[in-house]
Amino acid sequence: MAAGDVLLSVENVWQKLGDAQILQALSFQVRDRVRPGVVTGQVVGLLGPSGVGKTRLLRILAGLDQPDRGTVSGPGGAPLPVGSVGLVFQSYPLLAHRTVLDNLLVAGQANGLSASEARSKSLALLDRFRLSERARYYPAQLSGGQRQRVAIAQQLVKQKTFLLMDEPFSGLDPAALEDVTKLIIEVANMDELNTVVLVTHDIRSALLISDTLFMLGRDRDAAGKIVSGAHIQKTYDLVEMGLAWRPDLEMDPGFPAIEREVKQAFKAL
Amino acid sequence: MTPQDAQVSPATKPERSGPALARRVFFPNQVLGQPLVLIVTAFWVALAVTVWSASPWSSLPGPGEVVRAFGTLWWQQGMGPELFSTLKLILHATFLTVVISMLVSYASIIAFFRPVVEAVSKLRFLGLTGLVFPFTLATGGGYSLKVWLLTFGMSTFFVTAMAQAVLEIPREQYDYMRVLGASEGRIFWEVVVRGTLDKALDTLRQNLAMGWAMITMVEGISRAEGGVGALILNQNKHFHLAEVYAVLIAILVLGLLLDYLMAISVRVLCPHVLLQRVRR
């Protein structure tokens, strides 16, 4: 892969739910971001108001649903069948009857890893995500933040290029929020092609860790009435704007301005 | 500290002062420690025995008469072997119920079989009485007839409960496994079979109780083969009420023992369930 190559391509996707057109002519591309000497994955923020169709889009990206029209493809135009794209659901579902370690082992074995390979990868991930002490716990014994980390780790037992996360920042306290943002950056930067797509309406958190922001919204007429399904209304290339990959981004005088601008744009979606 | 210890709530700390203890016992939604649960239970048992002893209906046998009748039944009329015979019948029917009901309930994930599952579930509205003749023709009567009647009676309720448990599995649980890359077979095992095992055990627990409730009717069909159902009907025919109650209490004790064993099996096979249950 060369710098700027397309990793994820969503082309003219249409989706109806009952009579309602949810997604309409939705297209966007995620390209490989390259920084010389640094392994840099992609973090893409997908912002949109509640009910706009974000979760529908996630399900299509994950291969769980097929669009009525249009295509989703990976590097080189390869199709992305279900199971090839990781998805961390908003409620972090886990297998309640299995321990944390067993949850990871199931994920490994479901993906064709041998028992020993799944075990070594699972233990390494638990260590990396500071969950080793919770390996024998059941999901019911975990806090929300710990459940989230297990859910992410489970998706990483088998190396996947794409990880989709549905509202990863919702309901987190400031410390947990900082933890999860670090974790997302770490996951993205495990491999040059890794791409994390965050579906969220937490504008500030999305701005702080994304390299690209897509704003998903519907068209309205002069009276403010919705007249179309959702599609990408605006794209922010934060790398081009000098507002990506910076730990001190919040200190940048340009940050409040872009945050205000995105908030304004969000209100109009 | 074990993971389970970490879950102990401060509300289960031993009660100390009198008012605090009274508040725990009489206020709604309080969590009681084990010693206090035993004390409260003992109080209610003592109250029940007192009310029974002081019953104004002289035609009803008192506790002493029932205890004496129990001794007579046990030592002179072979209640032990009768109980064993009934227990064997119930466990045999329960085994068949579990196998048949689980297969039928799990089949509900396949659209083709859903009408069959619905139909089996609806059969619970039929009483057993009218079914004796066709079941006799099918089984040849005797022990087989009793086993299959009991199996039929229990299965219709078991299928209703388990099919509902399978139906209530959230769609997200299947999608989550699909996203992990699991095959449909693996999803069936993890989500449907393992994921509902606790509910299956709870349903089995309820069905064992139903088996005991149906036993008098089923064993009454062929009294020659004995069993506590036949014993109770014979004693009832002669209006030996003390003996009838003695048998009922024996059934209750055996039922409670089986219930306790089922509770232990849930604890052993599904320890996660205990962590999710809130005791009030």
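Residues numbered from 1 in each chain as written. Chains lettered and ligands numbered in written order. Predicted model: local features only at pLDDT ≥ 70, side-chain atom pairs only at ≥ 80, totals over all residues.

Student: Before we move on, could you go through the overall build of chain A and cite the residues and values that matter?
Tutor: A count of helical and extended segments in chain A gives seven helices and nine strands. A compact globule built from 269 residues should have a C-alpha radius of gyration of about 18 Å, and chain A, at 19 Å, falls within 12% of that. In terms of its C-alpha atoms, chain A occupies a principal-axis envelope of roughly 60 × 45 × 40 Å. By sequence separation, contacts in chain A at least 24 residues apart represent 70% of the contacts at least 6 residues apart. (Helix = DSSP H or I, 4+ residues; strand = E, 2+ residues; numbered from the N terminus. Rg over C-alpha atoms; globule rule 2.2 N^0.38 Å. Contact = placed C-beta atoms within 7 Å.)

Student: Can you explain the interface of chain A and chain B? Please cite residues and give values.
Tutor: Tallying the contact residues gives 23 residues for chain A and 21 residues for chain B. The element contributing the most residues to the side of chain A that touches chain B is helix α2 (residues 100–110) of chain A, with three residues. A class-by-class count of the residues in the side of chain A that touches chain B yields 14 nonpolar, seven polar and two charged. (Nonpolar A, V, L, I, M, F, W, Y, C, P; charged D, E, K, R; others polar.)

Student: Run through unusual backbone geometry, naming residues and quoting values.
Tutor: Of note in this structure, Ala-25 of chain A is not a glycine but carries a positive phi near 50°. Inspection of the secondary structure puts Ala-25 of chain A in strand β2 (residues 20–31). The phi dihedral of Phe-239 of chain B falls on the positive side, at around 55°, and the residue is not glycine. Within the element layout of this structure, Phe-239 of chain B appears in the loop between α11 (228–237) and α12 (241–269). For Phe-239 of chain B, a count of 9 C-beta atoms within 10 Å puts it in the exposed group. (Buried ≥ 20, exposed ≤ 12 C-beta atoms within 10 Å, placed from the backbone.)

Student: Could you give an account of the sheet that holds strand β8 (residues 212–217) of chain A, naming the residues involved and the relevant values?
Tutor: Residue and element names in this part refer to chain A. Across the sheet, six strands lie side by side as β5-β6-β7-β3-β8-β9; this open sheet has mixed pairing. A single partner strand is all that each edge strand has here, and the edge strands are β5 (85–88) and β9 (231–237). Between one strand and the next, the sheet's axes are offset by a mean angle of 20°, whatever the strand orientation. (Pairing = 2+ DSSP bridges. Axes fitted to C-alpha atoms, helices over the stretch in contact; angles between N-to-C directions.)

Student: So, the domain arrangement of chain A: which residues are in play, and what are the values?
Tutor: All names here are of chain A. Segmenting chain A into domains produces domain 1 (6–84 + 161–267) and domain 2 (90–159). At the junction of the two partners, domain 1 supplies eleven residues and domain 2 supplies eight residues. Counting residues per element, the ones that place at least two in the side of domain 1 that touches domain 2 are β6 (162–166) and α5 (174–188). When the residues that make up the side of domain 1 that touches domain 2 are grouped by side-chain class, the tally is six nonpolar, two polar and three charged. (Domains from an automatic or database assignment.)

Student: I'd like to hear about the domain arrangement of chain B, residue by residue, with values.
Tutor: By the assigned domains, chain B splits into domain 1 (9–53) and domain 2 (63–276). Here domain 1 of chain B and domain 2 of chain B have C-alpha centroids that lie 32 Å from each other.

Student: Quick one: what's the story with the nonpolar core, residue by residue and with numbers?
Tutor: Among soluble globular proteins, nonpolar side chains are generally buried collectively. If you look at the biggest cluster of nonpolar residues, it comprises 83 residues, and the most contacted ones within it are Leu-61, Ala-153, Leu-164, Val-196, Val-197, Leu-198 and Leu-213 of chain A. Considering each element in turn, this core owes the most residues, seven residues, to α2 of chain A. When near neighbours in sequence (up to four residues on either side) are disregarded, Leu-213 of chain A contacts Gly-45, Leu-47, Ala-206, Leu-207, Tyr-236, Leu-238 and Val-262 of chain A. With 40 residues, the next largest nonpolar core counts Leu-73, Leu-83, Phe-158 and Ala-246 of chain B among its residues. (Core = buried A, V, L, I, M, F, W, Y, C linked by C-beta atoms within 7 Å.)

Student: Provide a residue-level description of the sheet that holds strand β4 (residues 69–73) of chain A, including the pertinent values.
Tutor: Residue and element names in this part refer to chain A. Pairing is antiparallel in the open sheet, where three strands are placed in the order β2-β1-β4. Strands with a single pairing partner mark the edges of an open sheet, and in this sheet they are β2 and β4. For this sheet the average axis-to-axis angle between neighbouring strands, irrespective of direction, equals 15°.

Student: Give a description of the environment of Ile-187 of chain B that names residues and reports values.
Tutor: All names here are of chain B. Among the secondary structure elements, Ile-187 is positioned in helix α9 (residues 184–194). Residue classification places Ile-187 among the buried residues on the basis of 20 C-beta atoms within 10 Å. On a C-alpha basis, the gap between Ile-187 and Val-268 in space is 23 Å, while along the polypeptide they are 81 residues apart.

Student: Describe the packing of helix α4 (residues 79–106) of chain B against α11 of chain B, and please don't skip the residues or the numbers.
Tutor: All names here are of chain B. Contact geometry of α4 with α11 gives a least axis separation of 8 Å together with a crossing angle of 130°. Judged on the interaxial angle alone, α11 and α4 are oblique. Facing α4, whose interface residues are Met-79, Glu-82, Leu-83 and Thr-86, α11 presents Val-228, Gly-229 and Leu-231. Looking at the contact of α4 with α11 residue by residue, the class counts come to four nonpolar, two polar and one charged. (Parallel < 35°, antiparallel > 145°, perpendicular 65-115°, else oblique.)

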